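Each chain is listed here by its residues.
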Amino acid sequence: MDQAPAAATADDHGHILVVDDDPQIRLLVARFLQRHGYQVTGAPDGRAMMEALAHSAIDLIVLDVMLPGRSGVELCRDVRATSQVPIVMLTARTEESERISGLEGGADDYVTKPFSPRELLARIRAVLRRSRAAHSSSAAQTSAIITFDGWRMDLRRRELLSPSGTLIDLSTGEFDLLVAFVEHANRVLSREALMQFAKTRTSDDPFDRTIDVQISRLRRKLEADASGGQLIKTIRGAGYLFASKVDHQQGQLA
Amino acid sequence: MTSLAKRLWPDTVASRAILILVAALLAFHLLGYWAYRVGVENLATAGQDRGLAERIVSIKRAIASLPQAPERDRVAHDLSSASLEVHWSKVSLVLGSAPVTERTRAMEARLKELAPELAAESFRVGFADDGALGAGEANAYKHMMLVSVRLDDGSWVNFSSSALGASQHLDWGLTAIMICFAVAIVVVALLLLRWATRPLRDLAVAAERFSLDQVLQPLPETGPVEVRRAARAFNTMRERIRNLVTERMQAMAAVSHDLRTPITRLRLRSEFLEDDATRALIDADLGEMEAMIDSTLDYLRGGTSSEPLRAVDLASVIETIVDEHVDQGHPVSLVGLNSAPVQGRLLSLKRAASNIISNAVKYGQTATVTITEAGDSFAILVEDEGPGIAETDRERVFHPFVRLEESRGRQTGGSGLGLTIALAIARSHDGSIALENRAEGGLRVTLSLPKLERS
């Protein structure tokens, strides 16, 4: 994967708290994020994390689930009890249950260990962007479930259920694209707008997939259910439109 | 002929025991019968001989008491009967050179016992068949026993008796009883022994069904002492094997987990390398290591996972995988059903399908994926244009760490766990994987999974 090192963008600012029991990893992550314009504090365990939260204004927490003492998942819940600070978890790749309980406990996103630093950076940027957008907009973006035409999307777990209750697997890009559609439902969206809204949360994608290809793939997945073919409409010359009544809900999918 | 003998020769414990028991019982049965018959014959013969001797002695005395020759002859005829003919003459019927046999000895002994006054030389016993008579007489006295007794005046009383012996015809009643007993012995032996060896048969059957994957069902420790001990030993051994396997797997998993931290550090450090080319190569190597860890851990979990079972649309999973390959420039195409709901674990299904499709791309250059249904299952067919897999290797490829081509390099090879993991996952979903070579060349892998049942 030949890439130029990711350049610091104007959006890269903020105070990040890195919680990991391995001092080398803390150090290396800190150096990396600092290179990209972030201020970084490290904490080896839950106690240090709480102290840091109490003493400074933290914009995002990178939290390892495999901590000594109180586990990362539990700490995540502890933090959520009093704060909505964005949290990105570091999980083991093969432990799905860890990841799911972490997301349900309130984490905003996750990265599996071993992770590529760019991957972490992309996630951090995506989560910060969402959280800042949520703060600036008036709508309370605390809804976890979005429904449309019998379909259900769980934003926390990044899952889509068809009207018959079947889980439809979406790639990262497809899910982000669908989120963009439902958040701007019933409005004509140009290609450029869609590309901006659905900026992928993975690291700079080397694969140049046009937005059209992405949309046709998303359409095919939605067509798994009879009603799905009607959702994304092509507006010749202007772009696309997501035609459905969209509802936001709290709570979790079944 | 020996192969036929092998087939007929009893192979089970019960049948061998039955054979031995029946053979022994029948042998004893027959021996007893033979001994009985011989005994009866001897008894009958002895009785007859005794009677004969007594008659000979009394007739001899009667004749000896008469003084005159014609009287003697007349009395001899009078005293004859169907079974014993008596003649008086001046010569002995039995030759002096008559051969001595067992019976003649017995008869002589009997006569001496009954009539001690008979001196050894005063009588002769012989059998016509044994050549005791002169040449001209032998035919007339065929099968007869002859006794010649000398009187005081030198004349002889000749007795001839039809050959003695118990009646030779078979006693049918006795034979019938004997056959009934023999049959009864066989039947009872069969029933008893089959019942007695049943615990052993049950043990063998249960042992065959033993599998490390399934829920631990200990063998029942019932039956005779030896069978109980065998069952107990088997249960203990199985427990030990399970523990051994679990320990090894845990050790492997621990090592794999522990490797993640240094790999993460290396990933982070590679970020600070100025040289882009080197960094890219190092990242690729690290990626390889991560993939090996992932596949090893997947294999160790044996297709199980902490994911819950849910209704998953298999078609969407396949579409995602195929799209990724297409994006990387691999020639993969997809046709077939748009929707294929199954009950399963999303990530596991993804892993299984991904392994199969990656294999097709790696070894078969292209992959054509078809989603179809067959009865109450969905079938995912992955067809390639590679060399296919020989019939002899089809079982082996599912074994862990087996790769059909010799190199262990990841570019050309792989860890050898892809199909192993895929099969374990398929099985944990009540599905299966089948391999066959296409007529046009190349391999066809068919992953079958049961359809989701909707109530």
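Quick summary incoming for the structure in this document. What you see is a predicted model, and the numbers here were worked out from it, not measured in a lab. (Residues numbered from 1 in each chain as written. Chains lettered and ligands numbered in written order. Predicted model: local features only at pLDDT ≥ 70, side-chain atom pairs only at ≥ 80, totals over all residues. Heavy atoms only, no water.)

**Points about the pairing of strand 8 (residues 367–374) of chain B**
Residues and elements named next belong to chain B.
Phase 1: Both strand 6 (residues 332–336) and strand 8 contribute to a ladder of 5 bridges, which runs parallel. Looking across to strand 8, one finds that Ser 333 is bridged to Thr 368.
Phase 2: Linking strand 8 to strand 9 (residues 377–384), which pair antiparallel, is a turn of 2 residues; within it Gly 375 sits at a positive phi near 70°. (Pairing = 2+ DSSP bridges. Helix = DSSP H or I, 4+ residues; strand = E, 2+ residues; numbered from the N terminus.)

**Some remarks on the packing of aromatic side chains**
Phase 1: Summed over all chains, the structure comprises 4 aromatic pairs over all chains.
Phase 2: On the basis of an interplanar angle of 10° and a centroid distance of 6.3 Å, the ring pair of Phe148(A) and Trp151(A) is categorised as stacked. You'll find Phe148(A) and Trp151(A) in the same group, each marked buried.
Phase 3: Ring geometry for Tyr299(B) versus Phe401(B): centroids 5.8 Å apart, planes at 75°, classification edge-to-face. With Tyr299(B) in helix 8 (residues 276–300) and Phe401(B) in the loop between strand 9 and helix 11 (418–428), the pair connects residues that are 102 residues apart, well separated along the chain.
Phase 4: In this structure Tyr299(B) comes out as partly exposed when scored by relative accessible area, which is 24%.
Phase 5: One aromatic cluster is present, built from ring pairs that chain together Phe148(A), Trp151(A), Phe181(A) and Phe242(A).
Phase 6: Against the face of Phe272(B) rests Arg31(A), its NZ or CZ located 4.1 Å from the ring centre.
Phase 7: The positively charged end of Lys451(B) is found above the aromatic ring belonging to Phe378(B), 5.3 Å away from the centroid. (Phe/Tyr/Trp six-rings, centres within 6.5 Å; stacked < 30°, edge-to-face > 60°. Buried < 20%, exposed > 50% of the residue type's maximum accessible area, 1.4 Å probe, protein only. Lys NZ or Arg CZ within 6 Å of the ring centre and 35° of its normal.)

**Thoughts on the interface of chain A and chain B**
Phase 1: Contacts between chain A and chain B engage 45 residues on the former and 42 residues on the latter.
Phase 2: At the boundary of chain A with chain B, total buried surface from both sides reaches about 4,000 Å², with 52% on carbon and sulfur atoms.
Phase 3: Across the chain A-chain B interface, the total number found is 8 salt bridges.
Phase 4: Of the charged contacts in the structure, one is a salt bridge between Glu159(A) and Arg310(B), with a shortest N-O distance of 2.9 Å.
Phase 5: At the boundary of chain A with chain B, the tally comes to 15 residue pairs in polar contact (both at pLDDT 80 or more).
Phase 6: Of all the elements in the fold, those that place two or more residues in the side of chain A that touches chain B are helix 1 (23–35), helix 4 (96–105), helix 5 (117–136), strand 8 (159–161), strand 9 (167–168) and helix 8 (211–222) of chain A.
Phase 7: Of the residues forming the side of chain A that touches chain B, the biggest block, 7 residues, is contributed by helix 1 of chain A.
Phase 8: A per-class count over the side of chain A that touches chain B returns 17 nonpolar, 9 polar and 19 charged. (Contact = heavy atoms within 4.5 Å. Buried area = accessible area lost by both parts, 1.4 Å probe. Salt bridge = Lys/Arg side-chain N within 4 Å of Asp/Glu carboxyl O. Polar contact = N/O pair within 3.5 Å; in protein donor to acceptor, adjacent residues only side chain to side chain. Nonpolar A, V, L, I, M, F, W, Y, C, P; charged D, E, K, R; others polar.)

**Here's the deal with the environment of Val40(A)**
All names here are of chain A.
Phase 1: Within the secondary structure, Val 40 is located in strand 2 (residues 39–43).
Phase 2: With relative accessibility at 15%, the residue Val 40 sits in the buried group.
Phase 3: Residues Val 40 and Gly 14 lie 26 residues apart in sequence; the distance between their C-alpha atoms is 8.4 Å.
Phase 4: Not counting chain neighbours up to four residues away, the residues in contact with Val 40 comprise His 15, Ile 16, Val 18, Ala 30, Leu 33 and Gln 34.

**So, helix 11 of chain B**
Helical geometry note: an α-helix holds 3.6 residues per turn, so side chains three or four residues apart project in the same direction.
All names here are of chain B.
Phase 1: Here helix 11 lies mainly inside the structure; 8 of its 11 residues are buried.
Phase 2: Among the residues making up helix 11, those that are buried are Gly 418, Leu 419, Thr 420, Ile 421, Ala 422, Leu 423, Ile 425 and Ala 426.
Phase 3: Two residues or fewer past helix 11, Asp 430 is found with a positive phi of approximately 65°.

**Digging into the sheet that holds strand 1 (residues 15–19) of chain A**
Residue and element names in this part refer to chain A.
Phase 1: Read from one edge of the open sheet, 5 strands run 2-1-3-4-5, paired in parallel fashion. Each edge of the open sheet is held by one strand with a lone partner, namely strand 2 and strand 5 (109–113). Across the sheet, the mean angle from the axis of one strand to that of its neighbour is 20°, orientation sign disregarded.
Phase 2: Summarising the sheet, strand 3 (residues 60–64) and strand 4 (residues 87–92) pair through 4 bridges and their orientation is parallel. Across the sheet, Ile 61 pairs through a bridge with Ile 87, a residue of strand 4.
Phase 3: Sitting on the sheet, helix 2 (residues 46–55) is in contact with strand 1, strand 2 and strand 3, with an inclination near 165° to strand 1. (Axes fitted to C-alpha atoms, helices over the stretch in contact; angles between N-to-C directions.)

**Some words on the nonpolar core**
Looking at soluble globular proteins, one finds that nonpolar side chains tend to be buried together.
Phase 1: Ile318(B), Ile356(B), Ile357(B), Val369(B), Ile380(B), Val382(B) and Ile433(B) are the most contacted members of the largest nonpolar core, which totals 43 residues.
Phase 2: Among the elements of the structure, helix 9 (314–327), strand 6, helix 10 (346–364), strand 8, strand 9, helix 11, strand 10 (432–437) and strand 11 (443–450) of chain B are those that each provide at least two residues to this core.
Phase 3: When residues of this core are assigned to their parent elements, the largest contribution, 8 residues, is made by helix 10 of chain B.
Phase 4: Dropping the residues within four chain positions of it, Ile356(B) is found in contact with Val382(B), Leu419(B), Ala422(B), Ile433(B), Val445(B) and Leu447(B).
Phase 5: Ile146(A), Trp151(A), Leu160(A) and Leu222(A) belong to the second-largest nonpolar core, a separate cluster that totals 24 residues. (Core = buried A, V, L, I, M, F, W, Y, C linked by side-chain atoms within 4.5 Å.)

**Notes on the sheet that holds strand 6 of chain B**
All names here are of chain B.
Phase 1: Spatial strand order, 6-8-9-11-10: 5 strands in an open sheet with mixed pairing. Each having just a single partner strand, strand 6 and strand 10 make up the two edges of the open sheet. Here the strands of the sheet are splayed against their neighbours by 20° on average, with no regard to which way each runs.
Phase 2: Together, strand 6, strand 8, strand 9, strand 10 and strand 11 form the strand contacts of helix 10, whose direction differs from that of strand 9 by roughly 20°.
Phase 3: Strand contacts of helix 11: strand 10 and strand 11, with the helix running at about 130° to strand 10, the strand carrying the most contacts.

**A closer look at empty space enclosed by the protein**
Residue and element names in this part refer to chain B.
Phase 1: Counted according to the given criterion, the structure contains 1 cavity of 30 Å³ or more.
Phase 2: Put simply, the largest cavity is a space of about 40 Å³.
Phase 3: Around the largest cavity sit Ile 318, Ala 353, Ile 356, Ile 357, Ile 380, Val 382 and Leu 447, which together line it.
Phase 4: Of all the secondary-structure elements, those providing two or more residues to the lining of the largest cavity are helix 10 and strand 9.
Phase 5: Broken down by element, the lining of the largest cavity gets its largest block of residues, 3 residues, from helix 10.
Phase 6: In terms of residue class, the lining of the largest cavity is built from 7 nonpolar, no polar and no charged. (1 Å grid on protein atoms, 1.4 Å probe; cavity = no way out; pocket = protein on both sides within 12 Å on 5 of 7 lines; lining within 4 Å. Points joined across faces, edges and corners; volume = space filled by probe spheres on them.)

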